[in-house]
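# Understanding the architecture of this molecule
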Protein chains: 4
Amino acid sequence: MGNSFGNLFRISSWGESHGGGIGVVIDGCPPRLPLSLDDIQPDLQRRRPGQSKITTPRDEEDKVEILSGVYEGLTLGTPIAMLVRNKDARPQAYDEMKEKFRPSHADFTYQTKFGHRNHEGGGRSSARETIARVAAGAIAKKILSFDGVLIRAYVERIHDIQSPALTKIPTLDEVESSPTRCPHPKTALKIEQCILDAKKNGDSVGGSILCRVGGIPVGWGAPVFDRLEADLAKAMLGLPATKGFEVGSGFAGTHLMGSEHNDLYESRDGKVRTSSNRSGGVQGGISNGEELYFRTAFKPTATLLQKQKTVDSEGQETELMGRGRHDPCVLPRAVPIVEAMTALVLVDHRMRHAAQCESFNFS
Amino acid sequence: MGNSFGNLFRISSWGESHGGGIGVVIDGCPPRLPLSLDDIQPDLQRRRPGQSKITTPRDEEDKVEILSGVYEGLTLGTPIAMLVRNKDARPQAYDEMKEKFRPSHADFTYQTKFGHRNHEGGGRSSARETIARVAAGAIAKKILSFDGVLIRAYVERIHDIQSPALTKIPTLDEVESSPTRCPHPKTALKIEQCILDAKKNGDSVGGSILCRVGGIPVGWGAPVFDRLEADLAKAMLGLPATKGFEVGSGFAGTHLMGSEHNDLYESRDGKVRTSSNRSGGVQGGISNGEELYFRTAFKPTATLLQKQKTVDSEGQETELMGRGRHDPCVLPRAVPIVEAMTALVLVDHRMRHAAQCESFNFS
Amino acid sequence: MGNSFGNLFRISSWGESHGGGIGVVIDGCPPRLPLSLDDIQPDLQRRRPGQSKITTPRDEEDKVEILSGVYEGLTLGTPIAMLVRNKDARPQAYDEMKEKFRPSHADFTYQTKFGHRNHEGGGRSSARETIARVAAGAIAKKILSFDGVLIRAYVERIHDIQSPALTKIPTLDEVESSPTRCPHPKTALKIEQCILDAKKNGDSVGGSILCRVGGIPVGWGAPVFDRLEADLAKAMLGLPATKGFEVGSGFAGTHLMGSEHNDLYESRDGKVRTSSNRSGGVQGGISNGEELYFRTAFKPTATLLQKQKTVDSEGQETELMGRGRHDPCVLPRAVPIVEAMTALVLVDHRMRHAAQCESFNFS
Amino acid sequence: MGNSFGNLFRISSWGESHGGGIGVVIDGCPPRLPLSLDDIQPDLQRRRPGQSKITTPRDEEDKVEILSGVYEGLTLGTPIAMLVRNKDARPQAYDEMKEKFRPSHADFTYQTKFGHRNHEGGGRSSARETIARVAAGAIAKKILSFDGVLIRAYVERIHDIQSPALTKIPTLDEVESSPTRCPHPKTALKIEQCILDAKKNGDSVGGSILCRVGGIPVGWGAPVFDRLEADLAKAMLGLPATKGFEVGSGFAGTHLMGSEHNDLYESRDGKVRTSSNRSGGVQGGISNGEELYFRTAFKPTATLLQKQKTVDSEGQETELMGRGRHDPCVLPRAVPIVEAMTALVLVDHRMRHAAQCESFNFS
C-alpha cells in the first residue's frame, strides 16, 4: 500500500537499495507515443550518483531497460515496465545499521511498522527508489511536451545562500551548467563551495528547489480535494527528505494584505490574464493559464560522517559512526525528481480533464 | 472527480453555497462506534459563520442531520450520510459576479474548465463546502479518541503578529477562549485588533495555523507515496485559500546543518524516543511516536469590500465592487477544518496499518 | 467500504430501508449535460414498489430530489447528490426479525460482520438501496444517448417459462406493455400467471434478465482486469438476489466446438463486422462494435409468506413466519436496475477510453 | 488502466507474449510472511505450457525471479516484484497475424482501440499474461493458509462430458492425478480423449471449472457493490476466454421455487449453520461460514488449426490458416489461474474486514 501514484496515468514503484533492482510499472500511458531509451536515460543520468564531486561516489550506471509496453518505437497503451538493476551495492558497509538506528532516518520506523526490514542501504526507504519516479516521469514529460508544457526545476537556495529571482524560466542548459543545478552562475559557485565545506566536515546542508511550469492551459485540477496544488504538495512531501511545500506567494504571501495579494484580471493578447501571479498559476485548485510555480524544502542529509548518539534494536543507547558514501546535499540530484513528480501530476490531471470536460458535446 | 478523500475511511463531499445544501457520505466507518449529533455539531459551530464580530455576518445555523449509517446510537459500518441545508442564501447579492470574475477567486477557472457555473456565493468553490469535511472529521476525531490520539490546531500567526511557541499542546478551552483561536491571550488580543482593522478598511489578512497531534503510535504512514506528511500536505493544500505546508522544522530547518538538524535517538521510559523533534513526528513517512506537528499557510481573504479591476465573461476590462458578507480573515474558522482533515488522514492510515501490519500472525 | 462504484463516473450509494432515506452522490459527471427530474423519475417509477399486482404493495412514491450539481438545467461538472426520502416504513412489522435471522437473507451475515444492524426492512441490505443505482444510472443513460448507445433489459425467463429469442432489440414500449417486463406478449401472460400463482402460495420465483446494448463503438473496455464484461459481471453480481452472469454464448456456448463457436470477420457496409455474435459484443475485454448482450440470473425471492425454520441471535433454533409486503418475483422491478448498472459501467469505460486513447495526438 | 486488481492487496500486471517478459508487482502484502520460490513456482508449473500432451507444445520454463520485497526469507511489507522472462518466442510464426485478424481473438479490438499493437503471440492479450496472476495468487494463497482457508478449483465439465458432483473438496493430489485436472478418474479419461479428438481435428473445446473454498470465516465481503461474489465474478470474467460465472445454485437455482431454494438456518456444533448451501457460501455479499463455491465457463479455444474466414487490417476479406502451438482446451491450465484470482479476492476482503470491523474496540 502506498507505492502507487496517480489515477489515470498510474505508476507503481518497487525495489530496494540492495536487491534485485528498482523498477516501475506505468498503467494508462496513451498509445502511439514515440518512445525510446533516449527519452528516459538522460533524466536518470541527472539523478544518478557519482555524477560530480558534490554527490555521493557510489557509482551506479543506472541503465534502464524497458521490459514491456513499447513496440517498434511506439507505446502500446498497455503497461510499461522498466527496470534498473542494482550494481555497486556494498551490503557489508551497512552491517552496523542492522542493529543501530540512524538518526533522522527511517530505520526505526520501518523496523517498528513492519517488524522486519532490509537495512542494507536503507532498503526501501533509500532515495534510490526515486529512480522509478524519474523513469516514469520522463515519459510523462514527453507526453506533456506535445501539449507545449515545459517543466523546469532548479536549486534556488542551499543553506543560507539564496539565488536572486530569475525573470524567465531558465533553459535546461542553464540549469545543467553547474553541478549544483542552480542556474544563477554566481550563486552556483557559492553553493558549490558551501556543499564542499559541509562535505569536508562530514556534515550536510539543505535548501529549496523551485519548480516552474509554462504552457499549462486553463482547466487542469480537480477540486475540491484533488486540487492541482494539493496533488503537487502530496507529490513533493512524498519525496525523501522534504519538509515543506508552497505554491505561488506561499508563506511569505500571508504577510500581505488582501489588497496587496490579489491578482487582478486584465485582458492581454485576447486572453483573460492576471497582472500579477501570486496565485502561482492555480485558482480554486484549477490552473489559470499563468505560470505554475512552487517551492519544496529539503532538509540537510541525515547521514553524517560523524559520530552520533542513537539506540540499538534492543533499545540500548549507543553511538553510530556514519560511514560509506553519501550526498552532503541532496538537492542537485533531486531536481530531476521534482520535475518527474510534477510531470506525473500534470499528465494525470490532463487526462482527467479530457475525460470529464473535453470529450463530450451535448449540444 | 476529485470530491472524495481517503481510502479505507473515505468521504465524498457534495453541495454548493446556494442550493439544496452541503453534505457528505462516509464509507468505511467502523461499526459500533457510539455516535450522536453531539459529536458533530460542536465542530460545525466552531466553523459556522456569524459566530463573532471578526467573522462574516452570514447567519447560518448549520444544523446537521444524520440520514443513514447510525442506528440506536451506534454506527452500522455502512455509509453515514449527513446533510446541512442552506438557509441564509442571498443569490441576488451575487448578480454582479455572474458576469465579472472576482480577483483571486475560482470564478474564472471554474467557468473555463466546466463551461458553466453556479456563481451564487461561489457555488462549489465556496468555503461553505468545508462543512462536509468538518462533519466527517468530527467522526474521525471520535474514532481516534479511543486510540488516545488528540488533535489540536490553533492560529499561530496573523499577518505579522506571531504567537510565541507553546511548550504544551493547549487545551480546547484555551483555543476557544478567544474568537481568534489563538491560545496565547496577549497575542490573541493583538490579532483581534489586526483583523478588525483590516475589516474596517474593507481589506483582509492571512497567516498560519499550527496543528499538533499527540498520542499517535509508531507505524502510521504508507511510504513511498502515501507518507503521512504527504497525505497531510494534500489535505491542507486541498483547503481553500491555502498556499503552503510544512512539517516539523519545515522551511526554517533547511537553514540548519545536518549536525544541528538531526534528531538523536535515546531510550526514555523504556521507549525509543528522540531527544529533539525537528522531524515533526514522522520519519520516512511513518509516525515515530513523537508529537506530530505541521503548519499551514492561509492567504488573505480574496473578497475585499473595495473596488478592484477585473474582466467580465466577454473578456472586457471592468471593475468589481466587493459586496455582501465576508470574513476579513479565514483562519479562526479554519481551525476546526484543519483538525477535521488531519483526523481523516490519520484514521485512514490507522486502518491501513491495521489491515497490513497488525491483523496477521504468521508465526 | 464497498459502497462506491466506478472510476471516472463514480457513484456513492447510502441509506437504509427504514431511516432518513436513500441517496447517491455522483462524482465525475460531465458538465453542461441538460438534466431535469424528468430524466430520472421515470426509471424510479419502473423500479418503485406498488406499481402492479405482481409487485409488493409497499407504497413508496420514491420522489427524487436533486440537491446539488445541477444549475439552470445543466450539470455543473461537480458532484450531483440525489435523495429519496423513505415514507411508507413500518418498523414494527419487522420486530420478529430483530431476533430471528430470515433464511437466505443477509440478517445473519450483517449481524456477524458488523456486530450491529438495523433489522428494519433489512436495513442496508434491502433492495431499496437500488434506488441510488437507478437514479444515477438514469443520468448515465442520458449521457450515453448522445453517443447513440441504447440499453434495453427485459425479462427473458421466469421459473421455467422461457421467452423465444427476439431478433431485434425491443422498444421501451414493448417492454413496458406488460407488468412482467417480458416483451413477448404470450410469454408475458404466462409469466404473470406464474408469479400470481407463487404469490397465492406465499412462495416465490426467479429467472433471468437479458440486457442488450446497441450502438457501442469499438474500443470500450480496459483489459486485462477491467474488461468490459468483467465490470459488467461485477455490476450484476453486485445486485441483490443475483446468482449468475453470462455474456454472449455464455455457459451454453461451452458445449460447442471452437469451429462452431468462433465469430468470423467479414466486411459489411465498409466496416469490420462479425457474421455471428457469440462473443456478445466483446473480444479480449473490449467492445467490438457488435451488439453487447448478457444475461443475469436472479434467485427466487427469499422472503416467503410461509413458516420457515431458522435460528435466533442466541443461536437457538426457532421458526419465522414471513409477514409484511414483498415481491413474489423481483425480476420485473429489477429490469431498470440492470439497465442502470449497465449504463454506469459503460459511461465509465467511455470516459476512460476518451482519456487514454482519444485525447492525444502525437503525430 | 485496467491492469491492477485489488484494493489493499493490490497487484499490477505487465508484459506481453513476446517481449521482455511477464511480471507483477504486489503492493500491500503483509510483512513477515515466510516466502520463497518454492511457494510460487509450483503453481506456475501447473500453468505452464508443454506440461502434457493435451496442452500446447510451446516450451517455456517460466522460472520466476523475485526482485524485491523479500529479505532473508520473509516479506518486507514493501512491494514484491516478480519477473518471468519470455524464452521460447517465435515472432515469425505470427507474421500472418500482423495483417489479419484472428476470429474471436482480440487482434481487431486491440488494433482499433490503441491504433497500434504487438501482434506477436497476441501481445498483451495473450493468456501468457496470466503468469502474473498465478505468481501473485500463490502468495495470496499462502497468506490465506494461515487462516485455514483452502482454495481448490478443478475441471468439472469439458464439452458435454460432465463429472458427477463430489461430496468433499478433492485434494490437490486428486486434482493433479490427471492432466485434465478433473479429479473424477473415469470422467477424466473421457475428457482426455475428448480433448485429443479435438486436437486431432485442429478443433477445440470448452467447459466449466468449479472452484470450492473451505475455511472462510463469517464476515468477508463489502456490500453493496464489492460483494464477495461480485468481486469473484469480476475476477473470473477478467480471465481470457471466460463467458460466464455462477455462484451457489447459479442459473439452475432460478428454476426452483423460493421454498425449495432457501437455505434454512440451524444450530450445529454450537454455530449458526445452514442445512443446505444453495447460497454458495455468501449471503448479502458476505461470507456466511459455509463452503464458497462458484463455476466459471470457458469457451472453446479461439485458435484453430483450420482455415477460417476473416478480414485484414485494410478491411479486405481473406482467409487465415491457424498455425503454431496452441491448447485445444484451455481449462486444465486455467485451474491454477482460477485459484489464484480467488485467492487475490479473498485476501483483499480479509484485509478490508480486518481494517474496518476487527481492529476497533469502542467499549
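Residues numbered from 1 in each chain as written. Chains lettered and ligands numbered in written order. Predicted model: local features only at pLDDT ≥ 70, side-chain atom pairs only at ≥ 80, totals over all residues.

Turning next to the overall build of chain A. Across its full length, chain A carries 10 helices and 18 strands. With the principal axes as the frame, chain A shows a C-alpha extent of 70 × 50 × 35 Å. Of all 363 residues assigned to chain A, the portion counted as buried reaches 68%. Across chain A, the fraction of contacts at a sequence separation of at least 24, relative to all contacts at a separation of at least 6, is 70%. (Helix = DSSP H or I, 4+ residues; strand = E, 2+ residues; numbered from the N terminus. Buried ≥ 20, exposed ≤ 12 C-beta atoms within 10 Å, placed from the backbone. Contact = placed C-beta atoms within 7 Å.)

When chain B is fitted onto chain A, the two copies agree to an RMSD of 0.0 Å after a turn of 180° and an axial shift of 0.0 Å. Here the copies are linked by what is in effect a two-fold axis. (Least-squares fit on C-alpha atoms with pLDDT ≥ 70 in both.)

Across the contact, 19 residues belong to chain C and 19 residues belong to chain A. When the residues that make up the side of chain C that touches chain A are grouped by side-chain class, the tally is 12 nonpolar, 4 polar and 3 charged. (Nonpolar A, V, L, I, M, F, W, Y, C, P; charged D, E, K, R; others polar.)

With that settled, the discussion passes to the nonpolar core. Ranked by size, the top nonpolar core spans 404 residues in total, and within it A:Leu344, B:Leu344, C:Leu344 and D:Leu344 carry the most contacts. Those residues in contact with B:Leu344, other than ones at most four positions away along the chain, are B:Phe5, B:Gly6, B:Phe9, B:Ile11, B:Ala136, B:Gly137, B:Ala140 and B:Ala235. (Core = buried A, V, L, I, M, F, W, Y, C linked by C-beta atoms within 7 Å.)

Residue and element names in this part refer to chain A. The antiparallel open sheet is built from 5 strands, whose spatial order is β1-β2-β3-β7-β4. The open sheet terminates on both sides in strands that have one partner only, identified here as β1 (4-5) and β4 (64-66). Where β4 lies against strand β7 (residues 80-84), 3 bridges are found, and the strand directions are antiparallel. Opposite Glu 65, over in β7, you have Leu 83 as the bridge partner. Contacting β2 (10-15), β3 (22-27), β4 and β7, helix α4 (residues 130-145) runs over the sheet at an angle of about 35° to β3. (Pairing = 2+ DSSP bridges. Axes fitted to C-alpha atoms, helices over the stretch in contact; angles between N-to-C directions.)

We now examine the environment of B:Gly137. Residue and element names in this part refer to chain B. Residue placement: Gly 137 occurs in helix α3 (residues 130-145). Along the primary structure Gly 137 and Ile 337 are separated by 200 residues, whereas in three dimensions their C-alpha atoms are 8.0 Å apart. Once you skip the residues sitting within four places of it in the chain, Gly 137 turns out to touch Asp 43, Glu 339, Ala 340, Met 341, Ala 343 and Leu 344.

Quick look at the packing of helix α9 (residues 331-358) of chain B against helix α9 (residues 331-358) of chain D now. Between α9(B) and α9(D), the least distance of the axes is 8 Å, while the angle of their chain directions is 135°. Taken together, α9(B) and α9(D) sit at an angle that is classed as oblique. In the crossing of α9(B) with α9(D), the sense of the turn from one axis to the other is right-handed. In contact with B:Met351, B:Arg352, B:Ala354, B:Ala355 and B:Gln356 of α9(B), α9(D) contributes D:Met351, D:Arg352, D:Ala354, D:Ala355 and D:Gln356. Across the contact of α9(B) with α9(D), the residue classes break down as 6 nonpolar, 2 polar and 2 charged. (Parallel < 35°, antiparallel > 145°, perpendicular 65-115°, else oblique. Left-handed = near helix turned anticlockwise from the far one by under 90°.)

Moving on: the relation of the copies chain C and chain A. It takes a turn of 180° to lay chain C on chain A, together with a shift of 0.0 Å along the axis; the resulting RMSD is 0.0 Å. Here 100% of the interface residues in chain C have copies in chain A that are interface residues too; the copies meet face to matching face.

The next subject is the pairing of strand β13 (residues 271-274) of chain C. Looking along a regular strand, one sees the side chains alternate between the two faces of the sheet. Residues and elements named next belong to chain C. Burial along β13 is one-sided: Val 272 and Thr 274 are buried, while Lys 271 and Arg 273, pointing the other way, are not. Judged from the 4 bridges that link them, strand β12 (residues 265-268) and β13 form a sheet pairing that is antiparallel. Along β13, the bridge assignment pairs Arg 268 with Lys 271. Between β12 and the antiparallel strand that follows it, β13, lie 2 residues; Asp 269 among them carries a positive phi value of about 50°.

Let us look at the packing of helix α7 (residues 228-237) of chain A against helix α10 (residues 331-358) of chain A. Residue and element names in this part refer to chain A. Where α7 meets α10, the axes come as close as 9 Å, and the angle between the chain directions of the two elements is 145°. For α7 against α10, the interelement crossing comes out right-handed. Judged by residue contacts, Leu 228, Asp 231, Leu 232, Ala 235 and Met 236 of α7 engage Met 341, Thr 342, Leu 344, Val 345 and His 349 from α10. Here the residues of the contact of α7 with α10 are counted per class, giving 7 nonpolar, 2 polar and 1 charged.

Residues and elements named next belong to chain D. Two elements, strand β17 (residues 307-311) and strand β18 (residues 317-321), share 5 bridges in a ladder whose sense is antiparallel. Within β18, the residue paired with Thr 310 across the bridge is Thr 318. In textbook terms, the turn of a hairpin is the stretch between consecutive antiparallel strands, and for β17 and β18 this stretch comprises 5 residues, one of which, Gly 315, has a positive phi near 85°.

Along helix α2 (residues 107-114) of chain D, 7 of the 8 residues are buried, which leaves the element largely enclosed by surrounding structure. If you check which residues of α2(D) are buried, you get D:Asp107, D:Phe108, D:Thr109, D:Tyr110, D:Thr112, D:Lys113 and D:Phe114. Check the buried side of α2(D) and you find it contacts β12, β13, β14 (282-283), β15 (286-287) and α9 (331-358) of chain C. Backbone geometry just downstream of α2(D) places D:Gly115 in the positive-phi region, at approximately 70°.

In this model, A:Pro223 is joined to A:Val224 through a cis peptide bond whose omega is 15°. Looking at the secondary structure, you find A:Val224 in the loop between β10 (207-214) and α7. The backbone of A:Ser104 shows a phi angle near 55°, a positive value even though the residue is not glycine. On the secondary structure map, A:Ser104 appears in the loop between α2 (95-99) and α3 (107-114). A count of 30 C-beta atoms within 10 Å places A:Ser104 in the buried class. In this structure, C:Asp62 is a non-glycine residue whose phi angle is positive, near 55°. Secondary-structure assignment places C:Asp62 in the loop between α1 (41-47) and β4 (64-68).

The antiparallel open sheet is built from 10 strands, whose spatial order is β9(C)-β8(C)-β10(C)-β16(C)-β11(C)-β11(D)-β16(D)-β10(D)-β8(D)-β9(D). At either margin of the open sheet sits one strand with a lone partner, and together these are β9 (161-162) of chain C together with β9 (161-162) of chain D. Summarising the sheet, strand β10 (residues 207-214) of chain D and strand β16 (residues 292-298) of chain D pair through 7 bridges and their orientation is antiparallel. Paired with D:Arg212 across the bridge in β16(D) is D:Tyr293.

Once that is clear, we can look at the interface of chain B and chain A. Contact with chain B, which involves 90 residues of that partner, is made by 90 residues of chain A. Counted by class, the side of chain B that touches chain A contains 34 nonpolar, 39 polar and 17 charged residues. The pairing of strand β11 (residues 242-247) of chain A with strand β11 (residues 242-247) of chain B spans 3 bridges and is classified as antiparallel. Pairing of A:Glu246 across the sheet is with B:Gly244, part of β11(B).

On to the environment of A:Val149. Residues and elements named next belong to chain A. Considering the arrangement of structural elements, one finds Val 149 in the loop between α4 and β8 (150-158). Distance in space between the C-alpha atoms of Val 149 and Gly 214 is 5.7 Å, their sequence separation being 65 residues. Look past the residues within four positions of Val 149 in its chain and what remains in contact with it is Leu 144, Val 213, Gly 215, Ile 216 and Leu 346.

Turning our eyes to something else, we now look at helix α3 (residues 130-145) of chain D. The terminal C-alpha atoms of α3(D) lie 22 Å apart, and with 16 residues this matches the ideal 22 Å at 1.5 Å per residue to within 8%. In terms of burial, α3(D) is largely enclosed, as 14 of its 16 residues are buried. (Expected span 1.5 Å × (residues − 1).)

When pLDDT is averaged across chain A, the result is 95; 100% of the residues are at 70 or more. Two numbers describe this predicted complex: its pTM, 0.98, and its ipTM, 0.98. (pLDDT = per-residue confidence, 0-100.)

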